[in-house]
Amino acid sequence: MEQNNIVTVHWWDGYIEEFETTEVRFGSDMLFMRLSDGKNRHIPLREVRWFGMSK
């Protein structure tokens, strides 16, 4: 069984949010995540200070 990836997003306003994901893709301006509940989340990277992944 494949483990989910935990993605931590640190926003420019200092808020830190964690997402449990099954898929993560990112490019020059967009972070795409498929969450473990089946929903999708798109985050513009210009709004993010940094993000990290558990694996």
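Our subject in this report is the structure included herewith. (Residues numbered from 1 in each chain as written. Predicted model: local features only at pLDDT ≥ 70, side-chain atom pairs only at ≥ 80, totals over all residues. Heavy atoms only, no water.)

Side note on the sheet that holds strand β5 (residues 48-53)
- Taken in spatial order, the five strands of this open sheet run β4-β3-β2-β1-β5, and their pairing is antiparallel. Looking at which strands have only one partner, the edges of the open sheet turn out to be β4 (40-44) and β5. Averaged over all pairs of adjacent strands, the angle between strand axes in this sheet comes to 45 degrees, irrespective of strand direction.
- Where strand β2 (residues 16-26) meets strand β3 (residues 30-35), five bridges bridge the pair, whose relative direction is antiparallel. (Pairing = 2+ DSSP bridges. Helix = DSSP H or I, 4+ residues; strand = E, 2+ residues; numbered from the N terminus. Axes fitted to C-alpha atoms, helices over the stretch in contact; angles between N-to-C directions.)

Digging into the nonpolar core
- Counting residues in each nonpolar core, the largest one holds ten residues, listed as Val 7, Val 9, Trp 11, Phe 19, Leu 31, Met 33, Leu 35, Ile 43, Leu 45 and Val 48.
- Setting aside chain neighbours within four positions, we find Val 7 in contact with Glu 17, Glu 18, Phe 19, Thr 21, Val 24, Met 33, Gly 52 and Met 53. (Core = buried A, V, L, I, M, F, W, Y, C linked by side-chain atoms within 4.5 Å. Buried < 20%, exposed > 50% of the residue type's maximum accessible area, 1.4 Å probe, protein only. Contact = heavy atoms within 4.5 Å.)

Concerning the pattern of salt bridges
- Enumeration according to the criterion identifies three salt bridges in this entry.
- Arg 25 is the salt-bridge partner of Glu 23, the closest N and O atoms lying 2.7 Å from each other.
- Using a relative accessible area of 52% as the deciding quantity, one classes Arg 25 as exposed.
- Glu 23 is paired through a salt bridge with Arg 34; the nearest N and O atoms lie 3.0 Å apart. With a gap of eleven residues between them, Glu 23 in strand β2 and Arg 34 in strand β3 connect regions that are remote in the sequence.
- Beyond isolated ion pairs, a larger network of salt bridges with shared partners links Glu 23, Arg 25 and Arg 34. (Salt bridge = Lys/Arg side-chain N within 4 Å of Asp/Glu carboxyl O.)

So, to be careful, I would describe these as geometric facts and stop short of saying anything about function.
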